[in-house]
Amino acid sequence: MTEQQGYEVIRHYDGFELRHYPDYVLVQVSAQGNFLRAGNLGFRPLIGYISGRNASSVRIPMTAPVLQEPITENAHTVSFVLPDGTDIASVPLPTDAHVSTRAVAAHDVAARSFGGGWSEAKFEENGAALLEAVERAGLHPVGSLYFARFDPPWKPGFLKHNEALVAIGS
């Protein structure tokens, strides 16, 4: 069973839930290409990193979700969330110059869950619906919209769990 990133639900709204995420650590890479291509290209060096291609040759368990944040239309940051309790000071250094690690401080996030395949249109549609719902609720997004994929590519699309997310300011 793949560990999923933990959070606490603060409140349910129409069209999304407000969550609190505690501190966590990401391993990430920037990838060129459209949404799907960048996701695929970004996955490879990250799976290499957690498979032991790092300065300590340490294997790190895979977690869910895989996060993807558009930077531009043809560039995306793809990230793995490292297991709960990971301390940035103990994370092995990447040996691939394109891979980096980053500590993320605790914060609140609006999240909209949806099922189905990984089409860019589906992520965009749910991202737009999330931002509209957040605005209706009187909350204030901070930063960019990003997306979470929870399932392996071989899982049938109708069984997949995905999310559109955006950080919320106080």
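Coordinates for the structure precede this section.
Residues numbered from 1 in each chain as written. Predicted model: local features only at pLDDT ≥ 70, side-chain atom pairs only at ≥ 80, totals over all residues. Heavy atoms only, no water.

Participant: Quick question: what am I supposed to make of the nonpolar core here?
Facilitator: Counting residues in each nonpolar core, the largest one holds 17 residues, and the members touching the most others are Phe16, Ala110, Leu130, Val134, Leu139, Val166 and Ile168. Of all elements in the fold, only strand E3 (16-21), strand E9 (107-115), helix H2 (120-136), strand E10 (140-149) and strand E11 (161-169) reach the threshold of two or more residues within this core. Looking at which element gives the most residues to this core, the answer is H2, with four residues. With near-sequence residues (within four places) excluded, Val166 lies in contact with Asp108, Val109, Ala110, Leu130, Leu131, Val134, Pro141, Val142, Gly143, Ser144, Leu145 and Tyr146. (Core = buried A, V, L, I, M, F, W, Y, C linked by side-chain atoms within 4.5 Å. Buried < 20%, exposed > 50% of the residue type's maximum accessible area, 1.4 Å probe, protein only. Helix = DSSP H or I, 4+ residues; strand = E, 2+ residues; numbered from the N terminus. Contact = heavy atoms within 4.5 Å.)

Participant: Honestly, the side chain of Gln5 in this entry has me stumped. Any pointers?
Facilitator: Here Gln5 lies in the loop between strand E1 (3-4) and strand E2 (8-13). By relative accessible area, Gln5 is classed as buried at 16%. When sequence neighbours within four positions are dropped, the list of residues in contact with Gln5 reads Tyr21, Tyr24, Ala64, Pro65 and Val81.

Participant: Which parts of the structure should I look at to understand the sheet that holds E11?
Facilitator: In a beta sheet, neighbouring strands are held together by backbone hydrogen bonds and run either parallel or antiparallel to one another. Taking strand neighbours across the sheet as the criterion, the nine strands line up as E2-E3-E9-E11-E10-E6-E7-E4-E8 in an open arrangement whose pairing is antiparallel. Strand pairing shows two members of the sheet lacking a second neighbour, E2 and strand E8 (99-104), which therefore form its edges. Strand-to-strand twist across the sheet, computed as the mean angle between neighbouring axes with direction ignored, equals 30 degrees. Sheet analysis places E3 next to E9, joined by five bridges and oriented antiparallel. Considered in E9, the bridge of Tyr21 is made with His107. (Pairing = 2+ DSSP bridges. Axes fitted to C-alpha atoms, helices over the stretch in contact; angles between N-to-C directions.)

Participant: Explain unusual backbone geometry to me, please; I cannot follow it from the model alone.
Facilitator: With an omega dihedral of 10 degrees, the bond running from Ala64 to Pro65 counts as a cis peptide bond. Positionally, Pro65 belongs in the loop between strand E5 (63-64) and strand E6 (66-72). Despite not being glycine, Ser57 has its phi angle at roughly 55 degrees, a positive value. Inspection of the secondary structure puts Ser57 in the loop between helix H1 (35-50) and E5.

Participant: I would appreciate a short explanation of the pairing of strand E7 (residues 75-81) in the present structure.
Facilitator: For a regular strand, side-chain orientation follows a simple rule: the groups alternate between the two sheet faces. Counting buried residues along E7, seven of its seven residues qualify, which places the element largely inside the surrounding structure. Along E7, one buried face is formed by Ala75, Thr77, Ser79 and Val81 and the opposite face, lined by His76, Val78 and Phe80, is buried too. Relative to E7, strand E4 (residues 24-32) is paired through seven bridges, and the arrangement is antiparallel. The residue of E7 that forms the bridge with Val29 is Val78. In the sheet, E6 pairs with E7 via six bridges, with the strands oriented antiparallel. Its bridge partner lying in E7, Pro70 is registered against His76. The hairpin turn running from E6 into E7, its antiparallel successor, is two residues long.

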